[in-house]
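# A look at the structure
Single-letter residue listing:
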Amino acid sequence: MSIADNLMDILNTLPPHVRLVAISKTKPVEMVMEAYRAGQRLFGENKVQEMVAKQEAMPKDIQWHMVGHLQSNKVKYIVPFVSLIHSVDSHKLLENINKEAVKVNRVVDCLLQVHIAKEDTKFGFDREELLLLVNSGKLLGYKNVKVCGLMGMATFTDNMEVVRSEFRGLHKLFEEMKPLFGTHFTEISMGMSGDYVVAVEEGSTLVRVGSSIFGERNYAK
Ligand SMILES: *Cc1c(COP(=O)(O)O)cnc(C)c1O
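Remember, it's a predicted structure, so these values are computed and weren't measured experimentally.

Let us look at the overall build of the protein chain. Check the secondary structure of the protein chain and you find nine helices and eight strands. Along the three orthogonal principal directions, the C-alpha set of the protein chain runs to about 50 × 45 × 35 Å. Partitioning the contacts of the protein chain with sequence separation of at least 6, the portion at a separation of at least 24 is 58%. In the structure as shown, the protein chain presents an accessible area of about 10900 Å², 54% of it carried by carbon and sulfur atoms. Across the protein chain, the centroid of the 27 positively charged side chains sits 6 Å from that of the 27 negatively charged ones.

Below is the structure:
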């Protein structure tokens, strides 16, 4: 199976309102270009340096999405071009993205990452922290960020019922938050190679798929 075939297979299963973010982390530019030539324009990375390098090397009509934990001191490197940051996991980070976006006169689209998994290693807000953020009133002052929705990662398990209930919980939280965040609050980023079908059934609008497109990642190299 080629990268183009893999992409086609996935796109054929997605309803038209769901966008596919091809997660190209650890994969070389030549492989990412294969997906580009097959028509893919949304790519996701989880490391700032790798994303900047690929952005510089690749065609400029690509929309780059950041999906990994972002350190405040690295925000400035991606803010000039990033299309969507899925992984905003603290108020401080959001404030920092706003500050850097002001400097380059951009409005940066962001999703708030929510902690939905059982594992406690995952970054993100919980319901109370989202409410605190809204009730702080600070969002109105952040003119250069637009909070477009929520992102979540399910527990790493083969038990699809656990995964489904976590995705369902995220969708419910999204519905609760929607009136508080406003009309541009429209995206739910959930679903990876192993669980994107379930995620779509539970209301995902953005799936982040890596290994099912590019093959397994080899971190040993
Ligand atoms: C790596 C990664 C993905 C894609 O994972 P696959 O299982 O390879 O599809 C999705 N989301 C995030 C946040 C990731 O870091």
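Continuing now.
The next thing to look at is the environment of proline 15. With respect to the secondary-structure elements, proline 15 resides in the loop between helix H1 (3–13) and strand E1 (19–23). Judged by its relative accessible area of 24%, proline 15 is partly exposed. For proline 15 and asparagine 73, which are 58 residues apart along the polypeptide, the C-alpha to C-alpha distance reads 38 Å.

Structural remark: α-helix, 3.6 residues per turn; residues separated by three or four positions point the same way. All of the buried residues along helix H3 (residues 48–57) are Val48, Met51, Val52, Lys54 and Gln55. Down the axis of H3, the smallest arc covering the buried residues is 170°, so these residues share one side. Set apart from the buried face of H3 by more than 90 degrees, the exposed residues are Gln49, Glu56 and Ala57. In this structure, the buried residues of H3 make contact with helix H2 (29–37), strand E2 (42–45), strand E3 (63–66) and helix H4 (75–78).

Side-chain positions along a regular strand alternate between the two faces of the sheet. Most of strand E4 (residues 84–88) is tucked away, with five of its five residues classed as buried. Pairing analysis gives two bridges linking E4 to strand E5 (residues 108–114), with the strands arranged parallel. Considered in E5, the bridge of valine 88 is made with leucine 112. As a crossover connection, the stretch from E4 through helix H5 (residues 91–103) into E5 is right-handed.

Once that is clear, we can look at the site of the ligand. In the vicinity of the ligand, the residues found are Ile23, Lys25, Val67, Met153, Met192, Ser193, Arg208, Val209, Gly210, Ser211 and Arg217. In this structure, glycine 210 approaches the ligand through a main-chain N or O atom, which is 2.8 Å from an oxygen atom. Between the ligand and the protein, one listed contact pairs an oxygen atom with a side-chain N or O atom of arginine 217 at 2.8 Å. With the chains in place, 91% of the 380 Å² that the ligand exposes on its own is no longer accessible. Its residues assigned to classes, the shell around the ligand shows five nonpolar, three polar and three charged.

Look at helix H6 (residues 127–135) against helix H7 (residues 160–181): their axes get within 11 Å of each other, and the N-to-C directions meet at 5°. Taken as axis vectors, H6 and H7 run roughly parallel relative to one another. Two secondary-structure elements touch here, H6 through Arg127, Leu130, Leu131 and Val134 and H7 through Leu173, Glu176, Met177, Leu180 and Phe181. Considered class by class, the residues forming the contact of H6 with H7 number seven nonpolar, no polar and two charged.

With that settled, the discussion passes to the pairing of E1. Along E1, four of the five residues are buried, which leaves the element largely enclosed by surrounding structure. The pairing of E1 with strand E8 (residues 206–209) spans four bridges and is parallel. If you follow leucine 20 over to E8, its bridge partner there is valine 207. Taken together, E1, H2 and E2 form a β-α-β motif whose crossover is right-handed.

Counting across every chain of the model gives twelve salt bridges. Salt-bridge contacts for glutamate 100 lead to lysine 103; the nearest nitrogen and oxygen are separated by 3.2 Å. Placement of the pair is glutamate 100 and lysine 103 together in helix H5, with a separation of three residues, close to one helical turn. On the basis of relative accessible area, glutamate 100 is assigned to the buried category, the value being 11%.

What follows concerns H6. For H6, the set of buried residues is Leu130, Leu131, Leu133 and Val134. Buried residues along H6 cover an arc of 160° about the axis, so they all sit on one side. What points out from H6, more than 90 degrees from its buried face, is the exposed set Leu132 and Asn135. Next to the buried residues of H6 lie H5, E5, strand E6 (145–152) and H7. Just downstream of H6 lies glycine 137, where phi reads positive at about 75°.

The rules we used
Residues numbered from 1 in each chain as written. Predicted model: local features only at pLDDT ≥ 70, side-chain atom pairs only at ≥ 80, totals over all residues. Heavy atoms only, no water. Helix = DSSP H or I, 4+ residues; strand = E, 2+ residues; numbered from the N terminus. Contact = heavy atoms within 4.5 Å. Areas by Shrake-Rupley, 256 points an atom, 1.4 Å probe, with all protein chains shown as cover. Lys, Arg positive; Asp, Glu negative; His and termini not counted. Charge placed at Lys NZ, Arg CZ, Asp CG, Glu CD. Buried < 20%, exposed > 50% of the residue type's maximum accessible area, 1.4 Å probe, protein only. Arc of directions from axis to C-beta. Pairing = 2+ DSSP bridges. Right-handed = clockwise from strand over helix to strand, strands pointing away. Near = heavy atom within 4 Å. Polar contact = N/O pair within 3.5 Å; in protein donor to acceptor, adjacent residues only side chain to side chain. Nonpolar A, V, L, I, M, F, W, Y, C, P; charged D, E, K, R; others polar. Axes fitted to C-alpha atoms, helices over the stretch in contact; angles between N-to-C directions. Parallel < 35°, antiparallel > 145°, perpendicular 65-115°, else oblique. Salt bridge = Lys/Arg side-chain N within 4 Å of Asp/Glu carboxyl O.

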